[in-house]
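Residues per chain are reported as follows:
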Amino acid sequence: MLTLQGNTRIAFLVFFSSHIPITLLVDGQAFFRRSFYPQALQDVVDWYAVTFKDTLMEHPVEPWFSSLVSIEVIFQLPFFFLAIYAILQQSKPPQKRAIRGDGPFKSLCIIYGSSTATTLVPILQCILTDEETNMSEKGILLGFYLPYLIFPLWLVMIAVSSEDVFGRVEASKKEQ
């Protein structure tokens, strides 16, 4: 049974923890006014866009892409904090946990994963059909973007295949 335990738990903890600064400092520049960011951070994003030929992050950003980043900032970012908290809570005894894996959190995992995977479809399509990049450059960009498709889909698979995303229901059934 797929659950958020062991190495999977650690992988998602790293994924969500790393995604917070990326969302705020890098992706956010496609949503917020650039003047909100220090020049050094603007320069990093500009360098990244030019070096890796990521036309999606070139300024000015296309409105459709900015709208997808708005979903990331407004809806996904709060989920990252909740997910980290929920994952860390699993090391506590069951009676001391604030979040269970068989209720609203499980539903939020499905919503987050489905929404995020959906937003990656047009992004990946743009990368794959960009006539200005060669296959090697497309491969590098896919390396940057695919984890943001794989982890959300993985989370959906965990949530739909388990009664409890943390495996607690299965564990209690085995004890009976």
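We now turn to the structure provided with this report. (Residues numbered from 1 in each chain as written. Predicted model: local features only at pLDDT ≥ 70, side-chain atom pairs only at ≥ 80, totals over all residues. Heavy atoms only, no water.)

Re the nonpolar core
In this structure, F12, F16, F79, F105 and L155 are the most contacted members of the largest nonpolar core, which totals 22 residues. Elements represented by at least two residues in this core include exactly helix 1 (6-26), helix 3 (63-89), helix 4 (104-129) and helix 6 (147-161). With seven residues, helix 3 is the single largest residue contributor to this core. When neighbours within four sequence positions are excluded, F12 is seen to be in contact with L4, I87, F151, W154, L155 and I158. Grouped together as the second largest cluster of nonpolar side chains are 20 residues, V45, Y48, A49 and L141 included. (Core = buried A, V, L, I, M, F, W, Y, C linked by side-chain atoms within 4.5 Å. Buried < 20%, exposed > 50% of the residue type's maximum accessible area, 1.4 Å probe, protein only. Helix = DSSP H or I, 4+ residues; strand = E, 2+ residues; numbered from the N terminus. Contact = heavy atoms within 4.5 Å.)

Side note on helix 3
Taking 1.5 Å of rise per residue, 27 residues should cover 39 Å, and helix 3 covers 38 Å from first to last C-alpha, within 8% of that figure. Approximately 40° is the largest bend angle found in helix 3, and it occurs at Q76, with the proline P78 only one to four residues beyond. (Expected span 1.5 Å × (residues − 1). Bend = angle between axes of the 7 residues up to and from the residue.)

A few points about the packing of aromatic side chains
For any pair of aromatic rings, the description consists of the separation of the ring centres together with the inter-plane angle of the planes. Tallied over the full model, the rule gives 22 aromatic pairs. Taking 5.7 Å as the distance between ring centres and 45° as the angle between the ring planes, the aromatic pair formed by F15 and Y148 counts as tilted. One end of the pair, F15, is in helix 1; the other, Y148, is in helix 6, with 133 residues separating them in the sequence. Assessed through its relative accessible area of 6%, F15 is described here as buried. For the ring pair F16 and F79, a centre distance of 5.7 Å and an interplane angle of 80° mean the geometry is edge-to-face. One end of the pair, F16, is in helix 1; the other, F79, is in helix 3, with 63 residues separating them in the sequence. Take F16: its relative accessible area is 2%, and that puts it in the buried class. Judged by relative accessible area, F79 falls into the buried class, the value being 6%. By the ring-pair criterion, three or more aromatic residues cluster together here, those being F12, F15, F16, F79, F80, F105, Y112, Y148, F151, W154 and F166. (Phe/Tyr/Trp six-rings, centres within 6.5 Å; stacked < 30°, edge-to-face > 60°.)

Let's talk about the side chain of S162
Within the element layout of this structure, S162 appears in the loop between helix 6 and helix 7 (168-175). For S162, the side chain forms a polar contact with the main-chain oxygen of I158, separated by 3.0 Å. (Polar contact = N/O pair within 3.5 Å; in protein donor to acceptor, adjacent residues only side chain to side chain.)

Focus: unusual backbone geometry
In this structure, P60 follows H59 across a cis peptide bond, with omega equal to 5°. In this structure, P60 sits in the loop between helix 2 (39-51) and helix 3. The residue K53 is not glycine, and still its phi comes out positive at about 55°. In this fold, K53 is placed in the loop between helix 2 and helix 3.

Focus on the packing of helix 1 against helix 6
For the pair helix 1 and helix 6, interaxial distance at closest approach is 12 Å and the crossing angle is 135°. When the interaxial angle is binned, helix 1 and helix 6 end up oblique. Considering the relative orientation of helix 1 and helix 6, their crossing is left-handed. Of the residues in helix 6, those touching helix 1 at T8, A11, F12, F15, F16, H19 and I22 are P147, Y148, F151, P152, W154, L155 and I158. (Axes fitted to C-alpha atoms, helices over the stretch in contact; angles between N-to-C directions. Parallel < 35°, antiparallel > 145°, perpendicular 65-115°, else oblique. Left-handed = near helix turned anticlockwise from the far one by under 90°.)

Focus on the environment of G139
Here G139 is to be found in helix 5 (residues 135-145). Looking at G139, the relative accessible area reads 39%, which means it is partly exposed. Taking the C-alpha atoms as reference points, G139 and F31, separated by 108 residues in sequence, lie 25 Å from one another.

Side note on the layout of surface pockets
Computed from the structure, the largest pocket encloses a volume of approximately 460 Å³. Around the largest pocket sit 23 residues that line it, and I22, D27, E72, Y145 and Y148 are the ones nearest its centre. Contributions of two or more residues to the lining of the largest pocket are made by helix 1, helix 2, helix 3, helix 4 and helix 5. Per-element tally for the lining of the largest pocket: the top contributor is helix 3, with five residues. Partitioning the lining of the largest pocket into residue classes produces 16 nonpolar, four polar and three charged. In this model, the second largest pocket occupies a volume close to 160 Å³. Along its surface, the second largest pocket is lined by I71, F75, Q76, F79, L82, L108, I111, Y112, S115 and T116. Mapped by element, the contributors of at least two residues to the lining of the second largest pocket are helix 3 and helix 4. Looking at the lining of the second largest pocket, its residues break down into seven nonpolar, three polar and no charged. (1 Å grid on protein atoms, 1.4 Å probe; cavity = no way out; pocket = protein on both sides within 12 Å on 5 of 7 lines; lining within 4 Å. Points joined across faces, edges and corners; volume = space filled by probe spheres on them. Nonpolar A, V, L, I, M, F, W, Y, C, P; charged D, E, K, R; others polar.)

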